[in-house]
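# A look at the structure
Below, each chain spelled out in residue letters.
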Amino acid sequence: MPLHVEIIAAEQPILTIDVEVVVATTVSGQISVLPQHEPLLTLLAPGELRLGRGANEMFLALAGGYLEVRDDHVTILADAAERAEDIDVARAEGSRERATARLREARSNVDVVRASSALARAVSRLKAADRYRSRGVTRSR
Ligand code: ATP
């Protein structure tokens with residue numbers, strides 16, 4: 001019995017896929033969801049999402065959001081979601097540099113929370129892209 005995963009992110013087509021395992025980055029750490037998992041609603045941190053089926057794995061970068069598990073259905077509402085191979089690395093590097101520079105300034109007019117979130121999103125994208133380039137095996141629907 002697979003897990004039916006649905007990923008919903010603004011301005012993106014909904015991604016639906018059946019997998020055997022979902023590994024997600026929550027605000028309190030990584031979780032693995034297998035079939036027959038107990039019902040769960042959790043808050044996602046910016047980070048990686050791994051979807052696995054057999055030898056195939058798909059990596060995505062999620063900007064944060066919610067993950068719900070119920071009756072082998074995993075619904076992810078993400079602030080943004082990109083498949084690792086679709087990530088624009090130069091853009092993420094630019095975003096990381098801007099955020100880092102703002103945090104380094106540490107002046108009173110710097111919105112630290114906003115800069116930290118932007119940094120976390122950029123780092124998560126770069127990690128996912130790296131993973132894809134170094135060993136990522138992805139499967140298209
Ligand atoms: P930037 O400063 O580059 O806009 P951001 O972290 O502020 O980055 P978000 O607000 O998280 O961007 O995302 C806005 C939209 O752009 C989303 O649809 C997201 O999927 C897409 N996006 C952001 N960065 C990238 C990237 N490096 N590669 C591909 N898509 C991206």
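Residues numbered from 1 in each chain as written. Predicted model: local features only at pLDDT ≥ 70, side-chain atom pairs only at ≥ 80, totals over all residues. Heavy atoms only, no water.

This part is about the site of the ligand. Around the ligand, the surrounding shell consists of Q12, A80, E82, D86, I87, D88, R91, A92, S95, R98, R121 and R125. In the complex, 70% of the free accessible area of the ligand, which totals 590 Å², lies under the protein chains. Counting residues per element, the ones that place at least two in the shell around the ligand are α1 (89-105) and α2 (112-134). No other element matches α1, which puts 4 residues into the shell around the ligand. Per-class residue counts for the shell around the ligand are 3 nonpolar, 2 polar and 7 charged. (Near = heavy atom within 4 Å. Areas by Shrake-Rupley, 256 points an atom, 1.4 Å probe, with all protein chains shown as cover. Helix = DSSP H or I, 4+ residues; strand = E, 2+ residues; numbered from the N terminus. Nonpolar A, V, L, I, M, F, W, Y, C, P; charged D, E, K, R; others polar.)

Let us now look at the nonpolar core. Counting residues in each nonpolar core, the largest one holds 22 residues, and the members touching the most others are V5, I7, V22, L49, L51, V74 and I76. Looking at this core, the elements with two or more residues in it are β1 (3-9), β2 (15-19), β3 (21-26), β5 (40-53), β6 (56-62), β7 (65-70) and β8 (73-78). With 4 residues, β1 is the single largest residue contributor to this core. By size, the runner-up hydrophobic cluster in this structure holds 9 residues, among which are A84, I87, V89 and L126. (Core = buried A, V, L, I, M, F, W, Y, C linked by side-chain atoms within 4.5 Å. Buried < 20%, exposed > 50% of the residue type's maximum accessible area, 1.4 Å probe, protein only.)

The side chains of a regular strand alternate between both faces of the sheet. Judged by which residues are buried, β1 turns out to be one-sided: L3, V5, I7 and A9 face inward and are buried, whereas H4, E6 and I8, on the alternate face, are not. Bridge count for β1 against β2 is 5 bridges, and the pairing is antiparallel. Paired with I7 across the two strands is L15, which belongs to β2. Between the end of β1 and the start of β2, which pair antiparallel, lie 5 residues, with E11 showing a positive phi angle near 60°. The sheet contact formed by β1 and β8 spans 6 bridges and is parallel. By the bridge assignment for β8, V5 is matched with V74. (Pairing = 2+ DSSP bridges.)

With that settled, the discussion passes to the pattern of salt bridges. Enumeration over the complete set of coordinates arrives at 7 salt bridges. A salt bridge links R70 to E68, with the nearest nitrogen and oxygen atoms 3.7 Å apart. Residue classification places E68 among the partly exposed residues on the basis of a relative accessible area of 28%. (Salt bridge = Lys/Arg side-chain N within 4 Å of Asp/Glu carboxyl O.)

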